[in-house]
Amino acid sequence: MKEETKLVHAGRDPSAHHGNVNVPVHRASTIIETTLDSHLSRSRENMYGREGTPTVFALEELVCELEGATEAVICGSGLGAISTTILALCQAGDHVLATDNAYQPLKNVLDNVLSRFGVTVDYFDPTDVTTMETMIRPETRLIWLESPGTHTFEVTDIPAVVSIARERGILTAADNTWSGGVYLKPLSMGVDVSIQAATKYIGGHSDIMMGTIACNEETANQIRRTFNYLGNSAGPDDVYLATRGMRTLSIRLERHYKNGMVLANWLKEQELVLEVRHPALPDFPTHDIWKRDFTGASGLFGFLLDCTDRDVIAAMMDGLKYFGMGYSWGGYESLLIPYQPHRNRTVMNTDPGGQSMRIHVGLEDPEDLIADLAAGFERLAAFGK
Ligand SMILES: *Cc1c(COP(=O)(O)O)cnc(C)c1O
């Protein structure tokens, strides 16, 4: 089966559900067995609601197909997937290396939680694998990657990191949220664990919180077991919606990619835009790695605005019709937020000068989106920039 066919056909069996195309929402805490024998010989399939129901197993199967995983674990949020993975793989005395451009709450897990249990962390420039290698210690256990980082979009040379890590018996994990699991296959590149905030593209409609952990054979047992210890599971309605999102994931991403390129190329031509941070633009610094390792790009990228005055930026943003100001991304709708990428960084902490903006290009007609932004830039210019 090709990928599109898998996303349509995996994880469902209408004949097991009265011919229903979709696996229904199973609401369960207690799962009843009728003989003492079957009660005492339960497997995960009929253990307890927290450990999974057929609704959850359907999504697990789809995630395994999408990411090429041995086992998939479904958590109540993307951050839950991150913390479960790290807690599963690290113990006191271990050292973690993580890309400095990674999702900031990941740093909270490492700096503010794992540090209390004797795990140390260092952050490295995601574009400098040579320096990363010099930071490895005998106790380094895990290298955490997020490529591209979802604020400034530098792409990391994952195969180079994996080859260094494997040689030394260090595990690697990648946050694969940006690619939706469609455009990058970390496990096939030798990464041990690929997590996603399914809140983003898998859900696709800005109405659920969920995380997925796709594990290779080496990490599957430890991650499943730790997930069961921690109990970070997702609710049945959200799991159903994530599974529904999976059915259209590939085709939605195709449009996010296409619309994103139209907007990125338009933004590049704007006088008030100093820089567009999009891995698929040929002049973006790590474009060659993106081109080698990815098969597409999502709708999330950044740009640097030639203005830092809050009131002036407000004049632009407050009047936008189609771009919402809000956290998260990956829904069908467009978003735009300002942010300060250097503030949460250890090694990439240089202020870029202008105002960094992060844009999520949704499924609207790109002409409408451009007209909306163009009007915003006019308000900005009129304000005297
Ligand atoms: C949003 C996000 C997360 C966290 O997901 P939640 O479901 O919001 O907890 C993790 N990684 C990346 C790259 C994200 O964008």
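Small disclaimer: the values here were computed from a predicted structure and weren't measured. (Residues numbered from 1 in each chain as written. Predicted model: local features only at pLDDT ≥ 70, side-chain atom pairs only at ≥ 80, totals over all residues. Heavy atoms only, no water.)

S.K.: For this particular structure, what's the right way to read the nonpolar core?
M.R.: Ranked by size, the top nonpolar core spans 83 residues in total, and within it L267, F303, L336, I359 and L373 carry the most contacts. Ranked by the residues each element gives to this core, the list is headed by helix α10 (residues 249-268), at seven residues. Residues L89, V109, V193 and I195 belong to the second largest nonpolar core, which totals 29 residues. (Core = buried A, V, L, I, M, F, W, Y, C linked by side-chain atoms within 4.5 Å. Buried < 20%, exposed > 50% of the residue type's maximum accessible area, 1.4 Å probe, protein only. Helix = DSSP H or I, 4+ residues; strand = E, 2+ residues; numbered from the N terminus.)

S.K.: Could you clarify how one ought to interpret the packing of helix α4 (residues 78-89) against helix α8 (residues 217-230) in this entry?
M.R.: Two numbers describe a pair of packed helices, the interaxial angle and the distance between the axes. Contact pair α4 / α8: the axes reach a minimum separation of 9 Å and the direction vectors enclose 115°. Here α4 and α8 pass one another in a crossing that is right-handed. Here α4 contributes T84, T85, L87, A88 and L89 to the contact with α8, which in turn contributes T219, Q222, I223, T226, F227 and L230. A class-by-class count of the residues in the contact of α4 with α8 yields six nonpolar, five polar and no charged. (Axes fitted to C-alpha atoms, helices over the stretch in contact; angles between N-to-C directions. Left-handed = near helix turned anticlockwise from the far one by under 90°. Contact = heavy atoms within 4.5 Å. Nonpolar A, V, L, I, M, F, W, Y, C, P; charged D, E, K, R; others polar.)

S.K.: Just to check I follow, could you spell out the pairing of strand β3 (residues 120-124) for this structure?
M.R.: Regular strands place their side chains on alternate faces of the sheet. Where strand β2 (residues 95-99) meets β3, five bridges bridge the pair, whose relative direction is parallel. Residue pairing in the sheet places H95 in a bridge with T120 of β3. Assessed by its sense of winding, the connection that carries the chain from β2 through helix α5 (residues 104-113) to β3 is right-handed. (Pairing = 2+ DSSP bridges. Right-handed = clockwise from strand over helix to strand, strands pointing away.)

S.K.: Would you mind showing me how to read the sheet that holds strand β9 (residues 300-305) here?
M.R.: Strand pairing in a sheet is mediated by backbone hydrogen bonds. Such pairs are either parallel or antiparallel. Taken in spatial order, the four strands line up as β8-β9-β11-β10 in an open sheet, and their pairing is antiparallel. If you trace the sheet from one side to the other, it starts and ends with β8 (273-277) and β10 (335-339), each paired once. Strand-to-strand twist of the sheet, defined as the mean angle between neighbouring strand axes without regard to direction, takes the value 25°.

S.K.: Is there a simple way to explain unusual backbone geometry in this structure?
M.R.: Trans is the prevailing form of peptide bonds, just as negative phi is the prevailing case for residues other than glycine. Here the amide bond leading from S147 into P148 is cis, since omega sits at -10°, within 30 degrees of zero. Looking at where P148 falls in the secondary structure, it is placed in the loop between β4 (140-146) and α7 (158-167). Located in the positive-phi region is S206, a residue other than glycine, with phi close to 60°. One can find S206 in the loop between β6 (193-197) and β7 (211-215). Overall, S206 belongs to the partly exposed group, its relative accessible area being 47%.

S.K.: Would you mind showing me how to read the site of the ligand here?
M.R.: Neighbouring the ligand are 15 residues; G78, L79, D175, T199 and K200 lie closest to it. In the model, a nitrogen atom of the ligand is placed 2.6 Å from a nitrogen or oxygen of the D175 side chain. Computed on the free molecule, the ligand has an accessible area of 380 Å², of which 93% lies beneath the protein chains in the complex. Residue contributions to the shell around the ligand peak at three residues, all from α4. Considered class by class, the residues forming the shell around the ligand number seven nonpolar, five polar and three charged. (Near = heavy atom within 4 Å. Polar contact = N/O pair within 3.5 Å; in protein donor to acceptor, adjacent residues only side chain to side chain. Areas by Shrake-Rupley, 256 points an atom, 1.4 Å probe, with all protein chains shown as cover.)

S.K.: How do you make sense of the side chain of T150 when you look at a structure like this?
M.R.: Within the element layout of this structure, T150 appears in the loop between β4 and α7. Excluding residues within four positions of it along the chain, T150 makes contact with N101, W178, L300, W329 and R358.

S.K.: Can you walk me through the packing of aromatic side chains in this structure?
M.R.: The way to describe two aromatic rings as a pair is by their centre distance and the angle between their planes. Per the counting criterion, the structure on display carries four aromatic pairs. Relative to W329, the ring of Y201 has its centre 5.5 Å away and its plane inclined at 70°; by these criteria the two rings are edge-to-face. Taken as a pair, Y201 in the loop between β6 and β7 and W329 in the loop between α12 (310-317) and β10 lie far apart in primary sequence, 128 residues in all. Considered together, Y201 and W329 belong to a single accessibility category, that of buried residues. Of note, K107 hangs over the ring of Y123, and the distance from its end group to the ring centre comes to 4.7 Å. (Phe/Tyr/Trp six-rings, centres within 6.5 Å; stacked < 30°, edge-to-face > 60°. Lys NZ or Arg CZ within 6 Å of the ring centre and 35° of its normal.)

S.K.: Help me understand the state of the cysteines, please; the structure alone is not making it clear to me.
M.R.: Note on terminology: a disulfide is the covalent bond linking the sulfur atoms of two cysteines. Taken as a whole and assessed by the stated rule, the structure comprises zero disulfides. Free of any disulfide, C215 has its nearest neighbouring cysteine sulfur in C64, separated by 8.0 Å. (Disulfide = S-S within 2.5 Å.)

Nothing here speaks to function; it is all geometry.
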